[in-house]
2 protein chains.
Amino acid sequence: MTNLYLIRHGIAADREAYVGHDAVRPLTETGERKTGKIARRLYELGLRFEIILTSPLTRARQTAEILKEAGLTDNLEEFQSLAPAGELSAWLDWLTHWSPPEAVGNLALVGHQPDLGNWAETLVWGQVRERLVLKKAGMIGLTLPRVGSPIGQSLLFWLTPPRFLL
Amino acid sequence: MTNLYLIRHGIAADREAYVGHDAVRPLTETGERKTGKIARRLYELGLRFEIILTSPLTRARQTAEILKEAGLTDNLEEFQSLAPAGELSAWLDWLTHWSPPEAVGNLALVGHQPDLGNWAETLVWGQVRERLVLKKAGMIGLTLPRVGSPIGQSLLFWLTPPRFLL
């Protein structure tokens, strides 16, 4: 069984200051601090990830590093398709080659909206309706089916705004 | 704007001991204690409800009373259609007659599975797929649209198992 956690990056600097350079837009100081609190809370709740895949964009990469520093994982890798408008199918390909070391695999993806919400809806309901509210530093928890494609077959067990984790 | 919270009753006594008397099956001692902790946590998080409607069944009624005792509402009413296999349409009728006293109305419903999950899926996606995992004393948070039918038009902003609230 695989539990998949989709985590949106924390609060980042204004878009206006990074026109043409969105990929390097960093977390703000508040974003770093709040993401750190969330990460420590997730650690307290007992969450651990065999691996975190992150969008290569700075704000996501920084968020993933904060999660790693809090002890949530030892393995952090960039994954190109987690960048904005990336393809879910690329990640599904990756998943078919992933062997969780334990009976229950816990995976986390750090990325962007609306992509993460769209991926979650596709996995759970097989279609995108944009009905999930995923705040910055918020997260979604899905359980993937043991066999077969996870598309339209996954269960949603968690969706939380950060304010309910602080 | 109305935020709707769907809350499943806490851990109840074994079905086997109440065959033919399911309506009076009570919370266990553990169920009462854990539901009390959840209720206090919800209070700390700042949640307040203008009204809680509850299924008339004992385990739901007790759960709702615990929420009221924690200060989450002053108004608690039984609502027949929150009993198992109740009709969402009956609650939607009730909703059209409800005038929230504030610009943001916060409503809570206490009831049973699979009904609450089915109601939530109907409100968010317009169809039931049984893809939401709602544990005992877990909750779902929806934002209903300002105008028009909430069916297939509501947003899901929260779904949490109780363990992430303790």
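Residues numbered from 1 in each chain as written. Chains lettered and ligands numbered in written order. Predicted model: local features only at pLDDT ≥ 70, side-chain atom pairs only at ≥ 80, totals over all residues. Heavy atoms only, no water.

### Focus: unusual backbone geometry
Note that the residue after Q113 of chain A, namely P114 of chain A, is joined by a cis bond; omega there is 5°. Position of P114 of chain A among the secondary structure elements: in the loop between strand 4 (105-111) and helix 4 (115-125). Even without glycine at this site, E130 of chain A takes up a positive phi of about 55°. Among the secondary structure elements, E130 of chain A is positioned in the loop between helix 4 and strand 5 (139-144). Positive phi, close to 65°, is recorded for A137 of chain B, a residue that is not glycine. Position of A137 of chain B relative to the elements: it lies in the loop between helix 4 (115-125) and strand 5 (139-144). For A137 of chain B, a relative accessible area of 8% corresponds to the buried category. (Helix = DSSP H or I, 4+ residues; strand = E, 2+ residues; numbered from the N terminus. Buried < 20%, exposed > 50% of the residue type's maximum accessible area, 1.4 Å probe, protein only.)

### Concerning the confidence of the model for chain A
In the predicted model, chain A carries a mean pLDDT of 95, and the fraction of residues at 70 or more is 99%. Model confidence for the complex: the whole-complex pTM is 0.96, and ipTM, which rates the interface, is 0.95. (pLDDT = per-residue confidence, 0-100.)

### Let's talk about the nonpolar core
Of all hydrophobic cores here, the largest spans 54 residues; its most connected members are W91 of chain A together with W91 of chain B. Other than its neighbours up to four places away in sequence, W91 of chain A contacts L4, L53, F79, L107, L109, W119, L123 and L144 of chain A. (Core = buried A, V, L, I, M, F, W, Y, C linked by side-chain atoms within 4.5 Å. Contact = heavy atoms within 4.5 Å.)

### Things to note about the pairing of strand 1 (residues 2-8) of chain A
All names here are of chain A. With 7 of its 7 residues buried, strand 1 lies for the most part within the structure. The alternating pattern of strand 1 places T2, L4, L6 and R8 on one face and N3, Y5 and I7 on the opposite face, and all of these are buried. Relative to strand 5, strand 1 is paired through 6 bridges, and the arrangement is antiparallel. Bridge pairing in strand 5 links I7 to M139. Across 7 bridges, the pairing between strand 1 and strand 4 is parallel. For T2, the partnering residue across the bridge sits in strand 4 and is G105. (Pairing = 2+ DSSP bridges.)

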